[in-house]
Amino acid sequence: MEVKEGEETASKGKEEIVVIGDVSKNGCCSSLRFEGVGTAKGYNWLGIGRGGVVMSNIFLSTSLIYLASQEAGCFDYEEDKVTQDCDTRVYGMLPVALISNIAVISGLISAFCMPVIGGIIDCTPNRTKVGVVASVLLGIVQTIQIGTVSSTWFAMAILQALAGFLYQGHVMSVMSFLPSIARRVGEKSVIGFTATWAMTQFLGQATFLLLVILTSIILKTNNAVTAQISQGINVGWITVMFTLGWRLFPWKVPINRELPEGQSLWTEGFRQNWRTITGLFHPESKTLRYYFLALVFAEAATNTFTTVAPTYLIEALGMGSTEVGIFFLVTLLCSVPGSLFATFFTRRTNPNLSWRLSMLSLAIAGNAGAFLLDTIQVGWAAYIWGACVGFCLGWFYPTENCFFSLIVPSKQEAEMSGFYVYSSQILGWLPPLFFSLMVENGLNQKWGILVITGFHLIAIGFCCMQASWKELISEKEALESTKNETRDVEENADYSEGVREGNDAEDEHDA
């Protein structure tokens, strides 16, 4: 559908809607309409769907730890909790190290396989199809895991490592659309979009948690049955949300770049990552270089912290699946004011400063809670810890995404979005490996959390190496100008045709 900017109007009943490009405005547009941008709406639905997967994994992780502990003889049946400081191993590892070991394996798989998916996204028009396939396979794994019992827990743990990889493939496909959304709506709007995406995802996760918790309380289920219920609900949840989300994305998008003659699609992603890395060390790419270096450590720390938190709550405080679920429910509810604060603070400062302070707050809250709870051993205090962590997470995620969307030069979205997901996973295995090694050698889990949050401090250090926000935006604009001049000479005709096709496809979905 072709629309001339500022000239076309569409009527709906008595209401006249002015159409500018692909953005519809009626003067009373709510934040959930995302200014009429279809891909932004789809991004929102997919985020809510992924939220169900993340929350379901909390109950599944709890079940796996309990089942592994029972097989190892590290379980107190009278008090119905995992025995502390048990040194009996099962399949060569301590039960409390199971979840962090799964994270290590999943992180390594993602680090080695993500470039393959990135090559497909970058060199073919199948960006949306990659996300759909990853979503379907993830749903199949989630369905199989409904059968997690004492005789199948180890096989389900292996599947969990695969699920982590499929989850990241889904994220890589979705993230490739984020910079184009930012470019179409502008800086002010995308700051609000990222906060809304975070809030709706967190509220969806809270709804999912509340549903599972109430069901387990009413039916008085044990940890294994609670996990089965959670997985069953999750299958229906992602079926609905992923369907609503992907139908708003264009089925075909323009190819970002042609596959070089004689090169394989399976290895092109690795070559492109190397070219991207070398390009980031060009003097004009200082902003992106330090952002991605910070991202590597920030995502590794944050993802690992949320992964090992259930292990700490189960082993150190003796919590069961219901109590762990309540902890994360409190965390999610408090993430909503965190997202609102992210919008408020980021608009009055800049994404760089806001992201740095969110990471510092998260590191302080994480360590303070872990060390204090280990000393006082009071269960209800864990929920206060969850509230503080939730606020920091609600601040961290939308600010990180907003920062990224505003510094990526145009026409580099697919390349940089793929590299974004790769960067968030390349060291994702290292913090959980440190945690597992420390736990396996008899150290208290609080020291493992201290090491994990130390990665945040490294990320903050890289952010501090960047220039002022105005200089960052100027650098982006200069880089765009340089890239445009080069591409105008080499491939202007082909690229322009691809962009027109892609815009037409997205306009049709937005309409």
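Rules and cut-offs
- Residues numbered from 1 in each chain as written.
- Predicted model: local features only at pLDDT ≥ 70, side-chain atom pairs only at ≥ 80, totals over all residues.
- Heavy atoms only, no water.
- Patch = residues over 30% accessible without salt bridge, like charges linked within 9 Å, V, L, I, M, F, W, Y side chains within 5 Å.
- Areas by Shrake-Rupley, 256 points an atom, 1.4 Å probe, with all protein chains shown as cover.
- Salt bridge = Lys/Arg side-chain N within 4 Å of Asp/Glu carboxyl O.
- Helix = DSSP H or I, 4+ residues; strand = E, 2+ residues; numbered from the N terminus.
- Contact = heavy atoms within 4.5 Å.
- Polar contact = N/O pair within 3.5 Å; in protein donor to acceptor, adjacent residues only side chain to side chain.
- Buried < 20%, exposed > 50% of the residue type's maximum accessible area, 1.4 Å probe, protein only.
- pLDDT = per-residue confidence, 0-100.
- Core = buried A, V, L, I, M, F, W, Y, C linked by side-chain atoms within 4.5 Å.

1. Section: a nonpolar patch on the surface
A surface patch of nonpolar side chains, amounting to about 420 Å² of accessible area, comprises Val-133, Val-136, Leu-137, Ile-140 and Ile-144. Note on placement: Val-136 falls in helix H3 (residues 127–144).

2. Let's talk about the environment of Thr-128
Residue placement: Thr-128 occurs in helix H3. Along the primary structure Thr-128 and Arg-247 are separated by 119 residues, whereas in three dimensions their C-alpha atoms are 9.7 Å apart. In this view, Thr-128 contacts Ser-173, Phe-177, Trp-246, Phe-249, Pro-250 and Trp-251; residues no more than four positions away in its chain are not counted. Only 2.6 Å separates the side chain of Thr-128 from the backbone oxygen of Pro-250, close enough to count as a polar contact.

3. A short note on the environment of Asn-444
Within the secondary structure, Asn-444 is located in the loop between helix H14 (430–440) and helix H15 (445–464). C-alpha separation for the pair Asn-444 and Ala-316, spaced 128 residues apart in sequence, amounts to 9.0 Å. A distance of 2.9 Å separates the side chain of Asn-444 from the backbone nitrogen of Lys-446, its partner in a polar contact.

4. Looking at unusual backbone geometry
Non-glycine residue Tyr-91 carries a positive phi angle of around 55°. Note that Tyr-91 resides in the loop between strand S5 (81–82) and helix H2 (98–123). Among the residues examined, Tyr-91 registers a relative accessible area of 51% and is labelled exposed. Residue Lys-220 is not a glycine yet carries a positive backbone phi of 55°. Turning to its location among the elements, Lys-220 is positioned in the loop between helix H6 (187–219) and helix H7 (223–246).

5. Overview of the confidence of the model for the protein chain
For the protein chain, mean pLDDT is 82; residues scoring 70 or higher make up 87% of the total. Across residues 1–29, where pLDDT falls below 50, the model places 41 contacts with residues more than four positions away in sequence or in other chains. Note on residues 488–499: pLDDT is under 50 here. Beyond four places in sequence and across chains, it has six contacts.

6. Brief notes about the nonpolar core
Ranked by size, the top nonpolar core spans 135 residues in total, and within it Leu-64, Tyr-291, Phe-292, Leu-313, Trp-355, Trp-385 and Phe-404 carry the most contacts. The biggest single contributor to this core is helix H9 (residues 286–317), with 19 residues. Filtering out sequence-adjacent residues up to four positions away, Tyr-291 remains in contact with Trp-355, Glu-400, Phe-403, Phe-404, Ile-407, Tyr-420 and Gln-466.

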